[in-house]
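Each chain, written out:
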Amino acid sequence: MDELQKHIRCRPGDVGRYVFIPGDQGRAKRIAERFENMKEIASNRAYVVYTGTLDGVPVSSCATGIGGPSASIAIEELARVGGDCFIRVGSCGGRQKNMSIGSVVIAHSAYRGEGTSMAYAPAPFPAVADLDVTNALIRAARESGHEYYTGTVFTRDAYYVQDRELNQRLTDMGVVASEQECSIAFILGSIRRLRVGAILGTDSNIWLDPQPTLAQKEELFKIGEKKTIDIAIEAMRLLISGGENR
């Protein structure tokens, strides 16, 4: 299929099979600046696509916007033009009380608290990351020397709505972070036969007392974001080389 994709404005050959999918346009560019021979392929609505190479292999970075509907469109269209291995590089809120802002989280699964994935699979179906991608992220994190958390994340829709009772329950159950895209990304990975994993940096934590100022949060998150990008790049190199490939 050589058709131009409606939203990401790409055709087959425009993107590599290995794709980074951050939500933020700025982060998509910061990732792409680590590529060799990087160029911007398309920019439409929230979707900005860059393609270059890592170790001579084509790779891409595509901003997916905020939330499940926007992310699902990006992943569906990227898969149609050749993407089949994805790493979400995102932000999240810490949900364990000892997690400082700027912490690194590798999500192996997601609690489906959003609505988009329900259009794809019934509620009992689990949202689970690809094992190869997750193992590559863990290996890259260990080799980087950065501290990191692994676990289940809470994917939700309403950013400014906090259900304290549910948050407490999920924290007690070991959920490590809250964010807005992982569960739909993992569900799409399962049903479209794609390899999808996720690494996140915490930009907040509802349990911190006292709460840092916005400026403090942003400064700490910048440090965490760089760690997530470093780890994601090395993980993708492992996947490209076959070091964590099935």
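Now for a description of the structure that goes with this document. In this text the structure is predicted, and so the values were computed from the model without any measurement. All residue numbers refer to position in the chain's written sequence, counted from 1. In keeping with the predicted nature of the model, local features appear solely for residues at pLDDT of at least 70, side-chain atom pairs appear and are counted solely at 80 or more, and the whole-chain, interface and lining totals rest on all residues. Heavy atoms from the whole structure form the basis of all side-chain values; hydrogens and water molecules are not counted.

1. Here's the deal with the packing of aromatic side chains
Between the rings of Phe, Tyr and Trp (Trp by its six-membered ring), a pair exists once the centres lie within 6.5 Å; its type follows the angle of the planes, with under 30 degrees stacked, over 60 edge-to-face, and the other angles tilted. As enumerated under the stated definition, the model contains three aromatic pairs in all. Each ring, one from Tyr 111 and one from Phe 154, has its centre 5.5 Å from the other, and the planes form 70°; the classification is edge-to-face. Taken together, the residues span a long stretch of sequence, with Tyr 111 in strand β6 (residues 104-113) and Phe 154 in strand β8 (residues 149-156) at a distance of 43 residues. For the cation-ring pair, Lys 97 lies above Trp 207, with the distance from its terminal atom to the ring centre recorded as 5.0 Å. In DSSP terms, a helix is any run of H or I states spanning at least four residues, a strand is any run of E spanning at least two, and both are numbered starting from the N terminus. Working rule: Lys NZ or Arg CZ, within 6 Å of ring centre, within 35 degrees of ring normal, means a charge sits over the ring.

2. Things to note about the environment of Glu 181
Summarising the element assignment, Glu 181 is placed in the loop between β9 (177-179) and α5 (182-191). Judged by its relative accessible area of 7%, Glu 181 is buried. For Glu 181 and Gly 65, which are 116 residues apart along the polypeptide, the C-alpha to C-alpha distance reads 9.5 Å. Contact criterion: two residues are considered in contact whenever any of their non-hydrogen atoms come within 4.5 Å of each other. Excluding its chain neighbours within four sequence positions, the residues that come into contact with Glu 181 are Gly 65, Ile 66, Gly 67, Ala 71, Arg 88 and Thr 155. Of the polar contacts made by the side chain of Glu 181, one reaches the backbone nitrogen of Gly 67; its length is 2.5 Å. Accessibility here uses a 1.4 Å probe with only protein chains present; expressed as a share of the type maximum, an area under 20% marks a residue as buried, one over 50% as exposed, and anything in between as partly exposed. Residues adjacent in sequence count toward polar contacts only when both atoms are side-chain atoms; beyond that, a polar contact is any pair of N or O atoms within 3.5 Å, and within protein one must be able to donate a hydrogen and the other to accept it.

3. Focus: the nonpolar core
As used in this record, nonpolar core signifies buried Ala, Val, Leu, Ile, Met, Phe, Trp, Tyr and Cys residues forming a set joined through side-chain atoms within 4.5 Å. One finds Ile 8, Leu 78, Val 105, Val 153, Cys 182 and Phe 186 to be the most contacted residues of the largest nonpolar core, which totals 36 residues. Secondary-structure elements contributing two or more residues to this core are β3 (47-54), α2 (68-80), β5 (85-94), β6, α5 and β10 (195-205). Counting residues per element, this core draws most heavily on α5, which supplies six residues. If we ignore the near neighbours within four places in the chain, the residues touching Val 153 are Val 105, Ala 107, Ser 109, Ala 110, Tyr 111, Val 175, Val 176, Ala 177, Glu 179, Cys 182 and Leu 200. By size, the runner-up hydrophobic cluster in this structure holds 32 residues, among which are Val 48, Ile 87, Ala 136 and Ala 232.

4. Looking at unusual backbone geometry
Omega for the peptide link from Asp 209 to Pro 210 comes to 5°, which places this bond in the cis form. By secondary structure assignment, the location of Pro 210 is in the loop between β10 and α6 (214-241). Backbone geometry places Arg 9, a non-glycine residue, at a positive phi of 60°. Its location among the elements puts Arg 9 in the segment before β1 (18-20). One non-glycine residue with positive phi stands out, namely Arg 193, at about 60°. Assignment of secondary structure puts Arg 193 in the loop between α5 and β10.

5. A few points about the packing of α2 against α5
Contact pair α2 / α5: the axes reach a minimum separation of 9 Å and the direction vectors enclose 30°. What the angle tells us is that α2 and α5 run roughly parallel. Crossing of α2 against α5: the hand is right-handed. Packed against α2, whose contacting residues are Gly 68, Ala 71, Ser 72, Ile 75 and Glu 76, the element α5 presents Ile 184, Ala 185 and Leu 188 at the interface. Three categories are distinguished: nonpolar for Ala, Val, Leu, Ile, Met, Phe, Trp, Tyr, Cys and Pro, charged for Asp, Glu, Lys and Arg, and polar for the others, with Gly belonging to the last. Classifying every residue of the contact of α2 with α5 by side-chain character gives five nonpolar, two polar and one charged. All axes here are fitted lines through C-alpha atoms, helices being fitted over the stretch that makes contact, and every angle between N-to-C directions spans 0 to 180 degrees. Oblique is the label for any angle not covered by the other classes, which are roughly parallel (under 35 degrees), roughly antiparallel (over 145) and roughly perpendicular (65 to 115). Helix crossings are classified by the rotation of the near helix relative to the far one: an anticlockwise turn of less than a right angle makes the crossing left-handed, while a clockwise turn makes it right-handed.

6. Some words on the side chain of Glu 76
Turning to its location among the elements, Glu 76 is positioned in helix α2. Leaving out residues up to four positions away in the same chain, Glu 76 has contacts with Tyr 120, Leu 188 and Arg 192.

7. Observations concerning the state of the cysteines
Cysteine sulfurs are considered disulfide-paired once they come within 2.5 Å of each other. Taken as a whole and assessed by the stated rule, the structure comprises zero disulfides. Free of any disulfide, Cys 62 has its nearest cysteine sulfur in Cys 10, 7.0 Å distant. For Cys 62, a relative accessible area of 0% puts it in the buried group. Among the cysteines around Cys 85, which has no disulfide bond, Cys 182 carries the closest sulfur, lying 15 Å off. A relative accessible area of 0% places Cys 85 in the buried class.

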